[in-house]
Amino acid sequence: MFSTLGLFQSLSCPEGSKCSRPWCLFSHTSDASQPPLIASVPVARPRALSSITTISRPTTLPSTIPAKRPHELSTSATSSVQKDVPTEPPIQRVKTASTTRSVAPRTTAHGNGVPILRVTPAQSQVAVPVRQTMLKSLYDHFVVLYEAILPSNPTLASEHALRQEEEIYNKSTKLTYRNAVINSIAALKRRPIPSGVSHPSVGTEGDIAARIESQKQLSELRLTRTVVQPLVMTMETMRYWGYITEVPHGEGGSKPDAKNQVKQCERCGQSFTVRKDPKKDECYYHWGRPFTKSINGEKLRFYSCCSKNANEDGCSRGCHVFYETDPIDLHTRHAFSPTRPPKYSHGDISVEACDTALDVVALDCEMIYTTGGMRVARISVVDGTGTEVFDELIRMDDDVDIIDYNTRFSGICQEKHEKAFLTLLSARQTLDAFINSETIIIGHALENDLKTLRMIHHRCIDTVVLFPHRAGPPYRRSLRDLYVAKWFNLSGPCALKALSEPRNILVL
């Protein structure tokens, strides 16, 4: 036992005469001092309680201020004060940080330098400086991999590095993140050097995996006439959606071009005279589509290409172009003709040997602007299994000159189109080997493709009709909108899409 120091001998025992402890630490004499008990101090009329002097506070404070509890207060004194003064329950600290592995929106780098990671530190389970360092390493290796294609696509390495880092972060934990990045960099080193943006080694690991899975699905895909027959549109539906179901009256091909005629520009709406060599900067236009956005309760129209107001001048410059929709005008530029009837067997010759036409095909055309309106420049056709059966560039007819290649949407440039040798007439004759009047043609906005092919066909399936826009006609959902959520990231150059669109239509 340690000897007592007598520190509480000057204080009277809280239990007084009821104390039953044999060796009490407090004093039981009558002259022992009592500890002061202070609950609150009035401000307006300060006064001293016991030996404590209270300093008056400014009148802006509450009328009473709870005093600090002296450390000498005993248990009984504390309990007596708590009975007189109501107290509030203790405030529980609320955790404001999210417990999910959410990542704040990031900005895509617009230059050709190292992208900057835009992540809220509180929401990232891996330190942001560590992630930025790993992102830089990924970017450096993407630059080495894309050395041959970066001059034409300067932001490709930055975009893929950002997406690759995000994929790794979402799949890994705080402990495995660094090793996952190292493994990804090792996989980048093993990729073959791509020669173009359509090369299989271009993209993140998720993109490559999605392409492999889509190819597997495509290899298992086989559409037959029996399967898609219920989806064929009726004649009434085709007319409602703008299909030309009969050959227009008049002489076909009598006026192949519209030189020296006054037309309305499809881009800016101004009237102009069609010329063989138009000025390249006479038209100010927006290549994007207008959309409605609500700001402070007011609905305003903006363009998707530059986010400018619909009343502002265009963000792009080019030449005036025109697009004709009237069936008679189209017929005078190049004659319409129906697809050929099927060939039937004679004697011992089977139907398959007599007629080579396919049961189901998917078709897509790329158009460019000419002095004869919008004309077909590329035709792509795949069969019911997704196998390519026709993919050729189309040369313009005589006396028809090209005004604009519409490369942003067609993916066709002058250098590529100079290799074309088939005319539209010869291309139609070649298509007769695969398509007859009983073949089911599948397409997206197929009426535009049939118009530019000058083809009359009655057995059609259109994904625009199968997957309508929520706002109804004339609004239409794009093929990118329909298909990107399933497999592909179709944000690359338009040159990739010509042959992929018919296959995407088949999968849909």
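Scope of this entry: the structure provided in the associated data block.

The rules behind each value
- Residues numbered from 1 in each chain as written.
- Predicted model: local features only at pLDDT ≥ 70, side-chain atom pairs only at ≥ 80, totals over all residues.
- Heavy atoms only, no water.
- Buried < 20%, exposed > 50% of the residue type's maximum accessible area, 1.4 Å probe, protein only.
- Helix = DSSP H or I, 4+ residues; strand = E, 2+ residues; numbered from the N terminus.
- Disulfide = S-S within 2.5 Å.
- Patch = residues over 30% accessible without salt bridge, like charges linked within 9 Å, V, L, I, M, F, W, Y side chains within 5 Å.
- Areas by Shrake-Rupley, 256 points an atom, 1.4 Å probe, with all protein chains shown as cover.
- Salt bridge = Lys/Arg side-chain N within 4 Å of Asp/Glu carboxyl O.
- Axes fitted to C-alpha atoms, helices over the stretch in contact; angles between N-to-C directions.
- Parallel < 35°, antiparallel > 145°, perpendicular 65-115°, else oblique.
- Contact = heavy atoms within 4.5 Å.
- Nonpolar A, V, L, I, M, F, W, Y, C, P; charged D, E, K, R; others polar.
- Phe/Tyr/Trp six-rings, centres within 6.5 Å; stacked < 30°, edge-to-face > 60°.
- Lys NZ or Arg CZ within 6 Å of the ring centre and 35° of its normal.
- Core = buried A, V, L, I, M, F, W, Y, C linked by side-chain atoms within 4.5 Å.
- Left-handed = near helix turned anticlockwise from the far one by under 90°.
- Polar contact = N/O pair within 3.5 Å; in protein donor to acceptor, adjacent residues only side chain to side chain.

A closer look at helix H13 (residues 446-453)
Alright, step 1. Counting buried residues along H13, seven of its eight residues qualify, which places the element largely inside the surrounding structure.
Alright, step 2. Residues of H13 that are buried include every one of Leu446, Glu447, Asp449, Leu450, Lys451, Thr452 and Leu453, and no others.
Alright, step 3. After H13 finishes, the residue Arg454 shows a positive phi value of roughly 55°.

So, the environment of Lys416
Alright, step 1. Assignment of secondary structure puts Lys416 in helix H11 (residues 414-417).
Alright, step 2. Overall, Lys416 belongs to the partly exposed group, its relative accessible area being 27%.
Alright, step 3. The spacing of Lys416 and Leu393 is 23 residues in sequence and 8.6 Å in space, taken between C-alpha atoms.

Details of the state of the cysteines
Alright, step 1. Throughout the structure, instances matching the rule amount to zero disulfides.
Alright, step 2. For Cys24, which is in no disulfide, the shortest distance to another cysteine sulfur is to Cys13 and amounts to 3.7 Å.
Alright, step 3. Residue class for Cys24 comes out buried when judged on its relative accessible area of 15%.
Alright, step 4. The thiol sulfur of Cys265 is not disulfide-bonded, and the nearest other cysteine sulfur, from Cys268, lies at 3.7 Å.

Brief notes about a nonpolar patch on the surface
Alright, step 1. Taken together, the side chains of Leu5, Leu7, Phe8 and Leu25 make up a nonpolar region of the molecular surface, amounting to roughly 460 Å² of accessible area.
Alright, step 2. Tracing the chain through its elements places Leu5 in the segment before strand S1 (40-42).
Alright, step 3. Here Leu5 falls in the exposed class, since its relative accessible area comes to 72%.

A short note on the packing of helix H2 (residues 128-145) against helix H4 (residues 177-190)
Alright, step 1. Where H2 meets H4, the axes come as close as 10 Å, and the angle between the chain directions of the two elements is 5°. Taken together, the axes of H2 and H4 lie roughly parallel to each other. Seen from H2, the contacting residues are Val130, Arg131, Met134, Ser137, Leu138, His141, Phe142 and Leu145; seen from H4, they are Tyr177, Arg178, Val181, Ser184, Ile185, Leu188 and Lys189.
Alright, step 2. Its residues assigned to classes, the contact of H2 with H4 comprises nine nonpolar, three polar and three charged.

Notes on the packing of aromatic side chains
Alright, step 1. Per the stated rule, a full pass over the model turns up five aromatic pairs.
Alright, step 2. Between the aromatic rings of Phe291 and Phe302, the centroid separation amounts to 6.2 Å while the plane-to-plane angle is 35°, which identifies the pairing as tilted. A residue pair is termed long-range when its members are at least 10 positions apart, and Phe291 in strand S6 (residues 290-295) and Phe302 in strand S7 (residues 298-303) qualify at 11 residues.
Alright, step 3. Above the ring of Tyr169, the side-chain terminus of Arg131 is found at 3.8 Å from the ring centroid.
Alright, step 4. Looking at Arg267, its charged tip hangs above the ring of Tyr285, at a distance of 4.6 Å from the centre.

A short note on the environment of Pro474
Alright, step 1. Relative to the elements of secondary structure, Pro474 occurs in the loop between helix H14 (463-466) and helix H15 (479-483).
Alright, step 2. Under the relative-accessibility criterion, Pro474 is labelled exposed at 68%.
Alright, step 3. For the pair Pro474 and Trp241, spaced 233 residues apart in the sequence, the C-alpha separation amounts to 8.6 Å.

Things to note about the nonpolar core
Alright, step 1. Core analysis: the biggest nonpolar cluster contains 38 residues, and Tyr243, Leu363, Ile379 and Leu453 have the highest contact counts within it.
Alright, step 2. Elements that contribute at least two residues to this core include exactly strand S5 (283-285), strand S10 (360-370), strand S11 (373-383), helix H12 (424-431) and H13.
Alright, step 3. Top element by residues in this core is S10. It accounts for five residues.
Alright, step 4. Sequence-distant contacts of Ile379, that is, excluding residues within four places in its chain, are made with Asp364, Cys365, Phe390, Asp391, Glu392, Ile394, Ala427, Leu431 and Leu453.
Alright, step 5. Core analysis: the second largest hydrophobic core is formed by 23 residues, Leu117, Met134, Leu145 and Leu156 among them.

Brief notes about the packing of H2 against helix H3 (residues 156-171)
Alright, step 1. The geometry of H2 relative to H3 is characterised by a closest axis approach of 9 Å and an angle of 135° between their N-to-C directions. Relative to H3, H2 is oriented oblique. Pair H2 / H3 crosses with right-handed handedness. Between H2, through Arg131, Leu135, Leu138, Tyr139, Phe142 and Val143, and H3, the contact on the second element is made entirely by Ala157, Ser158, His160, Ala161, Leu162, Gln164, Glu165, Ile168 and Tyr169.
Alright, step 2. In terms of residue class, the contact of H2 with H3 is made up of 10 nonpolar, three polar and two charged.

With respect to unusual backbone geometry
Alright, step 1. Residue Pro474 is reached from Pro473 by a cis peptide bond, and omega for that bond is 5°.
Alright, step 2. Here the phi dihedral of Ser307 falls at roughly 60°; this positive angle occurs in a residue that is not glycine.
Alright, step 3. By the element assignment, Ser307 lies in the loop between S7 and strand S8 (316-318).
Alright, step 4. Given a relative accessible area of 53%, Ser307 falls into the exposed group.

Observations regarding the pattern of salt bridges
Alright, step 1. One pass over the full model with this rule turns up 17 salt bridges.
Alright, step 2. The partner of Lys136 in a salt bridge is Asp140, and the shortest N-O contact between them spans 3.1 Å. Taken as a pair, Lys136 and Asp140 lie in helix H2 at a separation of four residues, close to a single helical turn.
Alright, step 3. Notably, a salt bridge pairs Asp397 with Arg375, separated by 2.8 Å at the nearest N-O pair. Taken together, the positions of Asp397 in the loop between strand S12 (388-393) and strand S13 (402-404) and Arg375 in strand S11 put the pair 22 residues apart, joining distant regions of the chain. Neither Asp397 nor Arg375 differs from the other in exposure class; each is buried.
Alright, step 4. Among the ionic contacts, a cluster of salt bridges with common partners joins Asp257, Lys259 and Asp401.

Observations regarding the side chain of His160
Alright, step 1. Counting through the fold element by element, His160 comes out in helix H3.
Alright, step 2. Given a relative accessible area of 6%, His160 falls into the buried group.
Alright, step 3. Within the structure, the side chain of His160 is placed 2.9 Å from the side chain of Tyr146, a separation counted as a polar contact.
Alright, step 4. In this view, His160 contacts Phe142, Tyr146, Val202, Gly203 and Thr204; residues no more than four positions away in its chain are not counted.

That's the geometry; what it means functionally is another story.
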